[in-house]
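Coordinate analysis (summary)
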Amino acid sequence: LPRAPGRKKAAERRVKKILALAALAALLAGCGAEDVANCAALRRSAPDKALEHCDRAIASRLVWSRQKALARLDRGALHFDRGNWDASIGDLTRAIDSDRLTPRHLALAYFNRGTARLQKSEPDPGIEDLSEAIRLDPLYADAYSNLALARRMQGRLDQSLAAANAALKITP
């Protein structure tokens, strides 16, 4: 049976729509990626620009959740560098809660948040975060070092010494 001309044209229109949507999706896929990349890359050399890129990446609907979590991790580090502990802790918490970070990035997020909490003189939550960073990466010498400082803040000198010795075993 020959097809009716109307059906053929409708099928052609559907195919054209699908191709147009696919082309648009491919075009938009790169949007926001530059902001995510610059968020991390400019942290040391141009922190103000890096913060702008982080803000745009986090606000963008075109940045996928894993990339957004990394942008929050980087923005948390930028806030940490500026001594803005609450903003740092907030971004790092959102990155951790996203469940989109790799184990390595998750350990870094817990380390940074724990260190920010120590800067705020909050040793108990700082110790929890540093312990989680160590659980995720048992060879994270900096986490042991900061855990030693936190235990010292609490007056637990024997535990502080144990954490410091653990750090020294990893990086003598």
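Quick look at the overall build of the chain
- Within the chain, the secondary structure is distributed over nine helices and zero strands.
- Ordering the α and β elements of the chain from the N terminus gives α-α-α-α-α-α-α-α-α.
- The buried share among the 172 residues of the chain stands at 37%.
- Taking as baseline every contact in the chain between residues at least 6 positions apart, the subset at least 24 positions apart corresponds to 48%.

A word on the packing of helix α7 (residues 123-136) against helix α8 (residues 141-153)
- α8 packs onto α7 with a crossing angle of 155 degrees between their chain directions and a minimal axis gap of 9 Å. Between α7 and α8, the interaxial angle falls into the category roughly antiparallel. Between α7 and α8 lies a crossing whose hand is left-handed. Touching Pro123, Ile127, Leu130, Ser131, Ala133 and Ile134 of α7 are Ala143, Tyr144, Asn146, Leu147, Ala150, Arg151 and Met153, all from α8.
- Per-class residue counts for the contact of α7 with α8 are 10 nonpolar, two polar and one charged.

Digging into unusual backbone geometry
- For Asp99, which is not glycine, the phi torsion reads 60 degrees and is therefore positive.
- Relative to the elements of secondary structure, Asp99 occurs in the loop between α5 (85-97) and α6 (103-119).

Brief notes about the confidence of the model for the chain
- With 89% of its residues at a pLDDT of at least 70, the chain reaches an overall mean of 89.
- Within the model, the stretch residues 26-30 combines pLDDT values under 50 with one contact to residues more than four positions away or in other chains.

Topic: the environment of Arg94
- Along the chain, Arg94 falls in helix α5.
- Taking the C-alpha atoms as reference points, Arg94 and Ala69, 25 residues apart in sequence, are found 7.5 Å from one another.

Details of α7
- Taking 1.5 Å of rise per residue, the 14 residues of α7 would be expected to cover 20 Å, and the 20 Å separating its terminal C-alpha atoms lies within 8% of that figure.
- Listed as buried for α7 are Pro123, Gly126, Ile127, Asp129, Leu130, Ala133 and Ile134. Within α7, the buried residues cover an arc of 165 degrees as seen down the axis, which keeps them to one side. α7 presents Glu128 and Arg135 as exposed residues on the side facing more than 90 degrees away from its buried surface.

Overview of the side chain of Lys68
- Along the chain, Lys68 turns up in helix α4 (residues 65-81).
- Summary of buried charges: Lys68 has no salt-bridge partner, and the nearest side chain of opposite charge, Asp35, is 10 Å away.
- Setting aside anything within four residues of it in sequence, one finds Lys68 in contact with Ala57, Ile58, Ala59, Ser60 and Val63.

Observations concerning the environment of Gly76
- Note on placement: Gly76 falls in helix α4.
- Gly76 sits 18 residues away from Arg94 along the chain, and the two C-alpha atoms are 9.6 Å apart.
- Contacts of Gly76, omitting those with residues within four sequence positions, involve Ser88, Asp91 and Leu92.

Observations concerning the state of the cysteines
- If you walk through the whole model with that rule in mind, you get one disulfide.
- Disulfide pairing places Cys39 opposite Cys54 at an S-S distance of 1.7 Å. Across the S-S bond of Cys39 and Cys54 the torsion is about 85 degrees, and the bridge reads as right-handed. One end of the pair, Cys39, is in helix α2 (residues 33-41); the other, Cys54, is in helix α3 (residues 47-59), with 15 residues separating them in the sequence.
- Owing to a relative accessible area of 1%, Cys39 belongs among the buried residues under this scheme.
- Residue Cys54 is classed as buried on the basis of its relative accessible area of 0%.

Thresholds applied
What you see as residue numbers is a count from 1 along each chain, following the sequence as written. Note on the predicted model: pLDDT of at least 70 is required for a residue's local features to be given, and 80 or more for side-chain atom pairs to be given and counted; whole-chain, interface and lining totals, by contrast, use all residues. Side-chain metrics rest on all non-hydrogen atoms present in the structure, leaving aside hydrogens and water. In this text, helices come from DSSP runs of H or I with a minimum length of four residues, and strands from runs of E with a minimum of two, each type numbered from the N-terminal end. Three labels apply to residues, based on accessible area from a 1.4 Å probe with only protein chains included: buried if under 20% of the type maximum, exposed if over 50%, partly exposed otherwise in between. Note on definitions: a residue-residue contact is assigned when non-hydrogen atoms from the two residues lie within 4.5 Å. Note on geometry: axes are lines fitted to C-alpha atoms, helical ones only across the stretch in contact, with angles between N-to-C directions running from 0 to 180 degrees. Throughout, the term roughly parallel applies to angles under 35 degrees, roughly antiparallel to angles over 145, roughly perpendicular to angles from 65 to 115, and oblique to all others. Crossing handedness is defined as follows: a turn of the near helix away from the far one that is anticlockwise and smaller than a right angle gives a left-handed crossing, while the clockwise case is right-handed. Gly is placed with the polar residues, together with every amino acid not listed as nonpolar (Ala, Val, Leu, Ile, Met, Phe, Trp, Tyr, Cys and Pro) or charged (Asp, Glu, Lys and Arg). pLDDT: the predictor's confidence for each residue, scored from 0 to 100. To estimate the expected span of a helix, count its residues, drop one, and scale the result by 1.5 Å. It is the directions from the helix axis to the C-beta atoms whose arc is reported. Note that His is not counted, nor are the chain ends; the positive residues are Lys and Arg, and the negative ones are Asp and Glu. Whenever a carboxyl oxygen of Asp or Glu lies within 4 Å of a side-chain nitrogen of Lys or Arg, that contact is scored as a salt bridge. Cysteine sulfur atoms that pair up within 2.5 Å are treated as a disulfide.

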